[in-house]
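Close look at the chain arrangement
Single-letter residue listing:
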Amino acid sequence: MEAKKLLVIFGTRPEAIKVAPIIQAAKTSPQLECVVAVTGQHREMLDQVNTLFGIVPDFDLDVFAKDQSLNRLVARIIDGLDGVFDECAPDVVLVQGDTTSAVAGAIAAFYRGIPVVHAEAGLRSYNLFSPFPEEANRKLASQLATLHLAPTMFNKRNLLNEGVSEQNIVVTGNTVIDALLQTLSDDISFSDPRLLEVESSGRRLVTITTHRRENHGSRMTSIARAIAEIAATVPETDFVLPLHWNPAVRDQIIPAISGLDNVVVTDPLNYAEFTKLLSLSSVVLTDSGGVQEEAPSLGKPVLVMRSNTERPEGIVAGSVKLVGTATDDIVREMLLLLGDQAAFESMATAINPYGDGKASLRSVAAIAELLHVGERAEEFNSWNPSEEQLVRAAQMIQE
Ligand code: UD1
Ligand code: UDP
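Definitions and cut-offs
- Residues numbered from 1 in each chain as written.
- Chains lettered and ligands numbered in written order.
- Predicted model: local features only at pLDDT ≥ 70, side-chain atom pairs only at ≥ 80, totals over all residues.
- Heavy atoms only, no water.
- Near = heavy atom within 4 Å.
- Polar contact = N/O pair within 3.5 Å; in protein donor to acceptor, adjacent residues only side chain to side chain.
- Areas by Shrake-Rupley, 256 points an atom, 1.4 Å probe, with all protein chains shown as cover.
- Helix = DSSP H or I, 4+ residues; strand = E, 2+ residues; numbered from the N terminus.
- Nonpolar A, V, L, I, M, F, W, Y, C, P; charged D, E, K, R; others polar.
- Axes fitted to C-alpha atoms, helices over the stretch in contact; angles between N-to-C directions.
- Parallel < 35°, antiparallel > 145°, perpendicular 65-115°, else oblique.
- Contact = heavy atoms within 4.5 Å.
- Pairing = 2+ DSSP bridges.
- Left-handed = near helix turned anticlockwise from the far one by under 90°.
- Phe/Tyr/Trp six-rings, centres within 6.5 Å; stacked < 30°, edge-to-face > 60°.
- Buried < 20%, exposed > 50% of the residue type's maximum accessible area, 1.4 Å probe, protein only.
- Lys NZ or Arg CZ within 6 Å of the ring centre and 35° of its normal.
- Salt bridge = Lys/Arg side-chain N within 4 Å of Asp/Glu carboxyl O.
- Right-handed = clockwise from strand over helix to strand, strands pointing away.
- Core = buried A, V, L, I, M, F, W, Y, C linked by side-chain atoms within 4.5 Å.

Attention shifts here to the site of ligand 2. Residues in contact with ligand 2 amount to 15 residues; listed here are only the nearest, Arg-13, Ser-288, Gly-289, Gly-290 and Glu-294. One of the backbone N or O atoms of Gly-289 is found 2.8 Å from an oxygen atom in ligand 2. Taking Glu-294, its side chain carries an N or O atom lying 2.6 Å from an oxygen atom of ligand 2. Here ligand 2 loses 95% of its free accessible area of 540 Å² to cover by the protein chains. Listed by contribution, the elements that provide at least two residues to the shell around ligand 2 are helix H1 (13–27), helix H11 (271–280) and helix H12 (289–297). With four residues, H12 is the largest single contributor of residues to the shell around ligand 2. Here the shell around ligand 2 is composed, by residue class, of eight nonpolar, four polar and three charged.

Attention shifts here to the site of ligand 1. Neighbouring ligand 1 are 23 residues, the closest being His-42, Glu-44, Asp-67, Thr-100 and Glu-134. Protein burial of ligand 1: of its 740 Å² of free accessible surface, 95% is covered by the chains. Along the lines of polarity and charge, the residues of the shell around ligand 1 split into eight nonpolar, eight polar and seven charged.

Moving on, we get to the packing of helix H7 (residues 175–184) against H11. Relative placement of two packed helices is described by the angle separating their axes and the distance separating the axes. In contact at an axis separation of 10 Å, H7 and H11 are set at 85° when each is read in the N-to-C sense. Between H7 and H11, the interaxial angle falls into the category roughly perpendicular. On H11, the residues that touch Val-176, Ala-179, Leu-180, Thr-183 and Leu-184 of H7 are Tyr-271, Ala-272, Thr-275, Lys-276 and Ser-279. Residue classes in the contact of H7 with H11 are distributed as six nonpolar, three polar and one charged.

All right, on to the sheet that holds strand E4 (residues 92–96) then. Sheet strands line up and pair through hydrogen bonds in the backbone, either parallel or antiparallel. Here seven strands make up an open sheet; going across it, the order is E3-E2-E1-E4-E5-E6-E7 and the pairing parallel. Strands at the two margins of the open sheet, each flanked by one partner only, are strand E3 (59–60) and strand E7 (169–171). Sheet analysis places strand E2 (residues 32–38) next to E3, joined by two bridges and oriented parallel. The partner of Val-38 across the bridge, within E3, is Asp-60. Across the face of the sheet, helix H4 (residues 100–111) comes into contact with strand E1 (4–10), E4 and strand E5 (116–119) while running at roughly 160° to E4.

Before going further, it helps to examine the packing of H7 against H12. Running from N to C, H7 and H12 cross one another at 55°; their axes reach a closest spacing of 10 Å. Viewed along their axes, H7 and H12 adopt a mutual orientation that is oblique. Taken as a pair, H7 and H12 cross one another with a handedness that is right-handed. Residues Val-176, Ile-177 and Leu-180 of H7 form the contact with H12, whose own contacting residues are Glu-293, Glu-294 and Ser-297. In the contact of H7 with H12, the residues fall into three nonpolar, one polar and two charged.

Take the packing of aromatic side chains next. A complete count under the given rule lists two aromatic pairs for this structure. Seen in terms of ring centroids, Phe-53 and Tyr-271 are 6.1 Å apart; in terms of plane orientation they differ by 35°. Their pairing is tilted. You can see Phe-53 sitting in helix H2 (residues 44–53) and its partner Tyr-271 sitting in helix H11, a full 218 residues away along the chain. Neither Phe-53 nor Tyr-271 differs from the other in exposure class; each is buried. Measuring from centroid to centroid gives 6.4 Å for Phe-110 and Tyr-111, while their planes differ by 50°, and the two rings are tilted. For Phe-110, a relative accessible area of 44% gives the class partly exposed. The ring of Phe-190 has Lys-276 lying over it, and the distance from NZ or CZ to the ring centre is 5.2 Å.

On to the pattern of salt bridges, then. The full count for this structure, using the stated rule, is 29 salt bridges. Arg-204 is paired through a salt bridge with Glu-236; the nearest N and O atoms lie 4.0 Å apart. Of the two residues, Arg-204 sits in strand E8 (residues 204–209) while Glu-236 sits in the loop between helix H9 (218–233) and strand E9 (237–242), which places them 32 residues apart along the sequence. Look at the salt bridges and you will find they share partners, linking Lys-18, Asp-98, Glu-120, Glu-135, Arg-138, Glu-293, Arg-306, Glu-310 and Arg-311 into a network.

Moving on, we get to H11. A large share of H11 lies buried, amounting to eight of its 10 residues. Where H11 begins, the capping side chain belongs to Asn-270, and its oxygen is found 2.9 Å from the backbone nitrogen of Ala-272.

Within E8, five of the six residues are buried, leaving the element largely enclosed by the surrounding structure. Bridge count for E8 against E9 is four bridges, and the pairing is parallel. Counted as the bridge partner of Thr-207 is Val-240 from E9. Taken together, E8, H9 and E9 form a β-α-β motif whose crossover is right-handed. In this sheet, strand E11 (residues 283–286) lies alongside E8 in parallel orientation, the contact comprising four bridges. Its bridge partner being in E11, Ile-208 is matched across the sheet by Leu-285.

Moving on, we get to the nonpolar core. Leu-6, Val-8, Phe-10, Ile-23, Leu-94, Leu-149 and Ile-367 are the most contacted members of the largest nonpolar core, which totals 38 residues. Ranked by the residues each element gives to this core, the list is headed by H1, at eight residues. Apart from residues lying up to four places away in sequence, Ile-23 is in contact with Val-8, Phe-10, Cys-34, Val-36 and Ile-55. Counting residues in each nonpolar core, the second largest holds 30 residues, with Val-206, Ile-223, Leu-243 and Ile-253 among its members.

If you want it as structure tokens, here you go:
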């Protein structure tokens, strides 16, 4: 049987982490020939991941430019992909998640009549403006996809409610857990001497990340103030912020926290070092999607600096809490976790609602079935919520 050609398109750090296990699995599948196209929406942060996972793109649109508009980004990606499709003639295209690269990849493939597989399908906040523009991006991708790879039962439920046919949805688990388990098994050493010092000190550690576009501006100022206040209140705890390259983030965070001895700001860490940092942390404070998924499986309580989430599973399970972006709320909730052992322990349970490490195998099997060269695998079902939990989860994502 002739192998079918799968083209994987991605452009940012989280997509790269989440498609890496799919690419690795597809490359070992005799039914598929896997071709990789990166848009270059991110540059350093994208290349960092590809290097770690040994992925060498076959095509690179190299669209990166500092602070370019979303419209220019979309236009350049769609234009560039036409040439990739001409050269590669894929049987199917896979896009991941909710970024500009994902939605542009889906539109470009759809316009050329190429079936679209959407990985990490069915996440919804039901607020078109939060997260912006991700909620719109993932809804658009759902409209264009032929096959929807839903991480959880809850995501499948969202898609069914929107009228997607059940036979076109496969519950796979999130491939970020595949990436996490694979990476954590490696022997990793920090390259930044300040992190080596944090590690060897044995002091309590909190990891912080922030980058969300809807948090830029006054909310970012409020987040920066909260970090400064918490760090000053608990000087015996170390706070590490691997900071996104976006100047809209750096320019507001760095001045507000300079001069605090127990706050370490680093460049974005490579994925191996970042997962090691997470595993050493007591608590995680973040507005990231991927980090919300990874930390619960490591048993780390997560405070999410957003007022809604498309990932209610961790909240239902008890290890994730939404704290918003107001300084006082962030400070209060963090000091509670750091000061009250019972509050900490009630959230510090390792749970895996997002995956079991086999999501990439299920994804590849579902793609092979779509192309009539294989069969689906059994779905991810170790997080099997009751109807009551699903309803609670649905209520939670509303602001
Ligand atoms: C993008 C995604 C967001 C995702 C995030 C992950 C969109 C609209 N947003 O947001 O969903 O959560 O990636 O990090 O697709 N920069 C660099 N080097 C890099 C990467 C970024 O310098 O390697 C700087 C540039 O100034 C760039 C800015 O960061 O203009 C913003 O990058 P962009 O991809 O537009 O948005 P993100 O906020 O990263
Ligand atoms: N991450 C990383 N290095 C860092 C910070 C985060 O490798 O310095 C990883 C993290 O483990 C997660 C992903 O990046 O898998 C999340 O990316 P980001 O927060 O940029 O995007 P989001 O998930 O919010 O779309």
